[in-house]
Amino acid sequence: MRCSPPGSGYSPRTAEATRNIARGGYVLSEAGGKPSAVIIATGSEVQLAVGARKVLGEQGIAVRVVSMPSTSVFVRQDAAYRESVLPKTVRRIAVEAGVTDIWRKYVGLEGAVLGIDRFGESAPADDLLYFGLTVDNLVAQVKSVL
């Protein structure tokens, strides 16, 4: 369990959260019913996914958010676990503040990836709007695959 400094805004991780992270990918936020889509995110992009889930939920579109801190660990999980996290019958959208190629195998031909596929460009987090990494754009990506 991680200990966080007082006032840091972070809570200590529960044993369940630690187990989930150790599986490489896990359901961070459930759709609240049968999901119409799954947003896959990692690191700083998780906040975009959670924001998009909220907006889409307000529009009546149920979305699951999956945190995927390690694709190499996730693919080593048994098939039943992988299917429970990323059901084959649900459209998937990944968000990546970097090259999107790795996510294509997770979203499939019917899914989408929002990311940066331009070589040599980077920016501070506040400048990511320039690259289209926004909640509104992620919402549009989800709607585009439904």
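Our subject is the structure that appears above.
Residues numbered from 1 in each chain as written. Predicted model: local features only at pLDDT ≥ 70, side-chain atom pairs only at ≥ 80, totals over all residues. Heavy atoms only, no water.

I keep staring at the pairing of strand β2 (residues 37-41) and nothing clicks. Help me out?
Residues in a regular strand project their side chains so that they alternate between the two faces of the sheet. Burial within β2 is extensive, with five of its five residues counted as buried. Of the strand pairs in this sheet, β2 and strand β3 (residues 63-67) are connected by five bridges, and their pairing is parallel. Bridging across to β3, Ala-37 finds its partner in Val-63. Between the parallel pair β2 and β3, the chain is carried across by helix α2 (residues 46-58), and the sense of this crossover is right-handed. Bridge analysis of β2 against strand β4 (residues 91-96) gives four bridges, and the strand direction is parallel. Bridge pairing links Ile-40 to Ala-94 in β4. (Buried < 20%, exposed > 50% of the residue type's maximum accessible area, 1.4 Å probe, protein only. Helix = DSSP H or I, 4+ residues; strand = E, 2+ residues; numbered from the N terminus. Pairing = 2+ DSSP bridges. Right-handed = clockwise from strand over helix to strand, strands pointing away.)

Is there a simple way to explain the sheet that holds strand β5 (residues 112-115) in this structure?
The strands making up a sheet are joined through hydrogen bonds of the backbone, oriented either antiparallel or parallel. Spatial strand order, β1-β3-β2-β4-β5: five strands in an open sheet with mixed pairing. Both outer strands of the open sheet, β1 (26-29) and β5, are each paired with one neighbouring strand and no more. The average undirected angle you get between the axes of adjacent strands in this sheet is 30°. In this structure, β1 lies alongside β3, joined through three bridges in antiparallel fashion. Residue pairing in the sheet places Val-27 in a bridge with Val-66 of β3. With respect to the sheet, α2 is in contact with β1, β2, β3 and β4, its orientation differing from that of β3 by roughly 170°. (Axes fitted to C-alpha atoms, helices over the stretch in contact; angles between N-to-C directions. Contact = heavy atoms within 4.5 Å.)

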